[in-house]
Amino acid sequence: MRSPLFVPAFFLSASVAFASEWEPAPERKAELFNLVIQDCGSCHGLTMKGGLGSPLLPQNLEGKDTDVLTAIVLDGLPGTPMPPWRSQFQDGEARWIIEQLKKGLEQ
Amino acid sequence: MNRYLKTFYLALIAGLALSVASWAHAGMAPRGTGDLGIIIERASGSVKIIETSTQTVLRRVEGFGDLSHASVVYSRDERYAYIFGRDGGLTKLDILTGKIVKRIIQGGNSIGGAISQDGSLVAVSNYKPGGVKVFDSKTLELVADIPAVSADGTQSKTIGLVDIPGQKFVFSLYDAGETWIADFSKSRTPEITKFTNTGELPYDALVTDDGRYYVAGLFGEDGLAKLDLWQIDKGITRILDGYGRGEEKLPVYKMPHLEGWAKAGDHIFLPAIGRHEVLIVDQRSWKEVGRISVHGQPVFVVARPDGRQVWVNFAHPRNDTLQVIDVPSRKIIKTFKPGKAILHMEFTPRGEQVWVSVRDANRVDVYDTRTFERLKEIQAEKPSGIFLTARAHRTGL
């Protein structure tokens with residue numbers, strides 16, 4: 001008998017696979033890289049070692065949920081200076097940024 | 001020509017060439033430094049040494065580490081620049097020779113510094129571990145370490161570090177909401193005075209140029225905190241309480257800088273946080289006397305040295321624009337769009353030029369502040385702060 005969880009689990013894995021494969025067009029990618037390094041870097045440091053904002057190096061993000069981190073980028077963290085970036089990034093772009101940060105920006 | 005005479009002339013020419021070359025090499029030609037300065041190239045860890053009289057770059061020096069959010073103070077002889085880097089680096093640069101005299105990594109993550117009234121102490125404000133470290137300006141040896149640990153044990157990032165008369169430094173604790181004065185007038189072990197009620201999340205501070213008032217901007221509150229350093233028994237008072245009128249502030253993509261605050265006559269011009277406004281405050285009553293709508297959220301609001309104009313740059317994503325406010329009429333008299341990511345403006349000591357860094361265009365522009373004509377474009381890699389030596393003789397920068 002088919003598990004009732006089968007369908008949602010299938011969709012979930014499909015959406016994860018989709019999300020991690022999606023990437024911005026080359027031009028937009030370069031724009032986003034510049035924005036992350038220069039503008040996110042104003043608070044988090046150009047090398048993501050942290051500043052007024054938390055450090056965002058791979059070891060700092062390890063084990064943290066990509067969905068939660070994506071939501072923080074899009075909606076900000078109320079009560080802290082982390083602003084919502086929803087007007088600047090599309091959802092997929094925010095997720096892609098988190099994925100890049102988890103891998104480390106150098107590459 | 002006589003063979004011997006010819007040899008003599010040749011030797012003379014060779015000798016002259018040699019001595020000129022060695023002068024140039026050692027940077028020994030006597031000169032002053034009053035028209036020199038530094039442009040920070042934030043992404044490449046390098047600086048350009050500039051000369052404002054000729055609007056030229058004299059040399060480029062590398063090896064300063066992570067210069068995101070770098071700042072500079074100068075020795076009182078205006079020869080040495082102390083460069084504070086994000087990576088905790090403190091570098092002493094001889095701007096005459098372009099040589100790094102000494103470089104230390106004094107902390108994990110730093111944000112800026114200050115130099116004492118007599119020029120003997122250099123203080124650095126650190127995020128991690130949070131606190132202030134003070135060094136001998138000659139040797140960069142550690143003089144004092146002041147961890148920003150408040151009564152309940154929280155360690156805070158320190159912000160808004162300034163020098164004030166009397167061989168003192170003032171700074172605020174971002175996480176704990178405190179303001180501390182470190183007094184080095186009696187010995188190299190400072191006396192610390194603490195004010196524990198500064199407010200929620202002080203993010204930067206300024207001191208008036210007479211060294212009297214310390215004002216901290218609060219990210220977590222709709223107001224600013226003021227301390228009268230001539231009457232410290234009066235403690236911290238709140239000013240401009242509710243300037244945002246309780247309205248939701250806009251997302252802040254870049255924290256304003258208060259250190260570049262502008263004073264023109266009796267009025268102080270301040271960036272409103274999370275609003276497209278510049279606030280005008282009467283320095284005697286500390287009450288708001290007006291506000292000016294501007295292009296975006298202001299980052300730096302700086303007065304031309306004569307106080308007749310105030311120049312404003314803006315936070316991402318409206319950071320391609322510069323505006324000039326005419327102080328007497330409080331009107332915007334000029335709007336420029338020099339390019340993407342205008343990060344900083346620095347006036348020459350008497351204000352006839354302003355140097356503007358345009359990060360994403362890899363350019364620094366020099367403008368005539370009277371005609372607004374662009375006098376020069378200077379190539380620089382991701383330029384951020386511009387610091388001229390005249391800062392050596394100003395309190396609280």
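Basis of the calculations
Residues numbered from 1 in each chain as written. Chains lettered and ligands numbered in written order. Predicted model: local features only at pLDDT ≥ 70, side-chain atom pairs only at ≥ 80, totals over all residues. Heavy atoms only, no water. Helix = DSSP H or I, 4+ residues; strand = E, 2+ residues; numbered from the N terminus. Buried < 20%, exposed > 50% of the residue type's maximum accessible area, 1.4 Å probe, protein only. Contact = heavy atoms within 4.5 Å. Areas by Shrake-Rupley, 256 points an atom, 1.4 Å probe, with all protein chains shown as cover. Axes fitted to C-alpha atoms, helices over the stretch in contact; angles between N-to-C directions. Parallel < 35°, antiparallel > 145°, perpendicular 65-115°, else oblique. Left-handed = near helix turned anticlockwise from the far one by under 90°. Pairing = 2+ DSSP bridges. Polar contact = N/O pair within 3.5 Å; in protein donor to acceptor, adjacent residues only side chain to side chain. Buried area = accessible area lost by both parts, 1.4 Å probe. Salt bridge = Lys/Arg side-chain N within 4 Å of Asp/Glu carboxyl O. Nonpolar A, V, L, I, M, F, W, Y, C, P; charged D, E, K, R; others polar. Disulfide = S-S within 2.5 Å. Bend = angle between axes of the 7 residues up to and from the residue.

Colleague: Would you mind going over the overall build of chain A with me for this structure?
Modeller: The helix and strand tally for chain A stands at five helices and zero strands. The linear arrangement of helices and strands in chain A, starting from the amino end, is α-α-α-α-α. The burial tally for chain A puts 38% of its 107 residues in the buried class. For chain A, the proportion of contacts with a sequence separation of at least 24, taken over those separated by at least 6, is 52%. Summed over its atoms, the accessible surface of chain A is roughly 6,300 Å², and 63% of this surface lies on carbon and sulfur atoms.

Colleague: It is not clear to me how the packing of helix α4 (residues 66-75) of chain A against helix α5 (residues 91-103) of chain A should be interpreted in this structure. Could you clarify?
Modeller: Two quantities define a packed helix pair, namely the angle between the helix axes and the distance between the axes. All names here are of chain A. Interhelical geometry of α4 versus α5 gives an angle of 120° and a closest axis separation of 9 Å. By the angle between their axes, α4 is oblique relative to α5. Helix-helix and strand crossings are classified by hand; for α4 and α5 the assignment is right-handed. On α5, the residues touching T66, D67, L69, T70, V73 and L74 of α4 are D91, A94, R95, I98 and K102.

Colleague: Explain unusual backbone geometry here, please?
Modeller: With the exception of glycine, the majority of residues adopt a negative phi angle, and the majority of peptide bonds are in the trans configuration. All names here are of chain B. Of note, the amide linkage connecting K128 to P129 takes the cis form, showing an omega dihedral of -10°. You can see P129 is positioned in the loop between β9 (121-128) and β10 (130-136). The amide bond that connects H316 to the next residue, P317, takes the cis arrangement and shows omega of 0°. Checked against the element boundaries, P317 lands in the loop between β25 (309-314) and β26 (322-326). Phi angles above zero are rare outside glycine, and W286 is one such case at about 60°.

Colleague: What is the right way to read the pairing of strand β13 (residues 168-173) of chain B from this model?
Modeller: Residue and element names in this part refer to chain B. Most of β13 sits inside the fold, with five of its six residues counted as buried. Where strand β12 (residues 158-164) lies against β13, five bridges are found, and the strand directions are antiparallel. Residue I159 lies in a different strand from β13, and its bridge partner there is S172. By the bridge criterion, six bridges tie β13 to strand β14 (residues 178-183) in an arrangement that is antiparallel. Residue pairing for β14: L173 is matched across the bridge by E178. The hairpin turn running from β13 into β14, its antiparallel successor, is four residues long, and G177 in that turn takes a positive phi close to 70°.

Colleague: How should the side chain of S125(B) be read in this particular structure?
Modeller: Residue and element names in this part refer to chain B. With respect to the helices and strands, S125 occurs in strand β9. Here T158 takes part through its backbone oxygen, which lies 2.8 Å from a polar atom of the side chain of S125. With near-sequence residues (within four places) excluded, S125 lies in contact with S110, I111, G112, G131, V132, T158, I159 and L161.

Colleague: Before we go on, may I ask you to explain the sheet that holds strand β4 (residues 71-74) of chain B in this structure?
Modeller: The pairing of strands in a sheet happens through backbone hydrogen bonds and is either parallel or antiparallel. Residues and elements named next belong to chain B. Strand order across the open sheet formed by four strands is β4-β5-β6-β7, with antiparallel pairing between neighbours. On the outer flanks of this sheet lie β4 and β7 (99-105), each paired with one strand and no other. The average angle at which neighbouring strand axes cross in this sheet is 20°, direction not considered. Bridging between strand β5 (residues 80-84) and strand β6 (residues 89-94) involves five bridges; their strand directions are antiparallel.

Colleague: In this structure, what is going on with the sheet that holds strand β15 (residues 191-195) of chain B? I would like to understand it.
Modeller: All names here are of chain B. With respect to topology, four strands assemble into an open sheet ordered β12-β13-β14-β15, the strand pairing being antiparallel. This sheet does not close on itself; its edge strands, each paired only once, are β12 and β15. The average undirected angle you get between the axes of adjacent strands in this sheet is 20°.

Colleague: Could you clarify how one ought to interpret the interface of chain A and chain B in this entry?
Modeller: Size of an interface, as often reported, equals the accessible area lost when the parts are brought together. Opposite the 22 residues of chain A that make contact, chain B presents 25 residues. Carbon and sulfur atoms make up 51% of the area that chain A and chain B hide from each other, which totals about 2,000 Å². Notably, a salt bridge pairs D39(A) with R359(B), separated by 3.5 Å at the nearest N-O pair. Counting across the chain A and chain B interface gives eleven residue pairs in polar contact (both at pLDDT 80 or more). Along the lines of polarity and charge, the residues of the side of chain A that touches chain B split into eight nonpolar, twelve polar and two charged.

Colleague: Can you help me understand the state of the cysteines in this one?
Modeller: A covalent bond between the sulfur atoms of two cysteines is what we call a disulfide. All names here are of chain A. Scanning all chains against the criterion turns up zero disulfides over all chains. Sulfur of C40: no disulfide; nearest cysteine sulfur belongs to C43 and is 9.1 Å away. Accessibility expressed as a relative area gives 13% for C40, which makes it buried.

Colleague: Mind showing me how you'd approach helix α2 (residues 26-44) of chain A here?
Modeller: Side chains that are three or four residues apart share a direction in an α-helix, a result of its 3.6 residues per turn. V36(A) marks where α2(A) bends most, by close to 30°. Backbone geometry just after α2(A) places G45(A) at a positive phi near 90°.

Colleague: Got a minute to help me understand the packing of α2(A) against α5(A) in this structure?
Modeller: Residue and element names in this part refer to chain A. Remark: α2 packs on α5, axes separated minimally by 11 Å, with the N-to-C direction vectors making an angle of 65°. Once α2 is placed against α5, the crossing between them reads as right-handed. Residues R28, K29, L32, F33 and V36 of α2 form the contact with α5, whose own contacting residues are E93, W96, I97, Q100 and L101. A class-by-class count of the residues in the contact of α2 with α5 yields six nonpolar, one polar and three charged.

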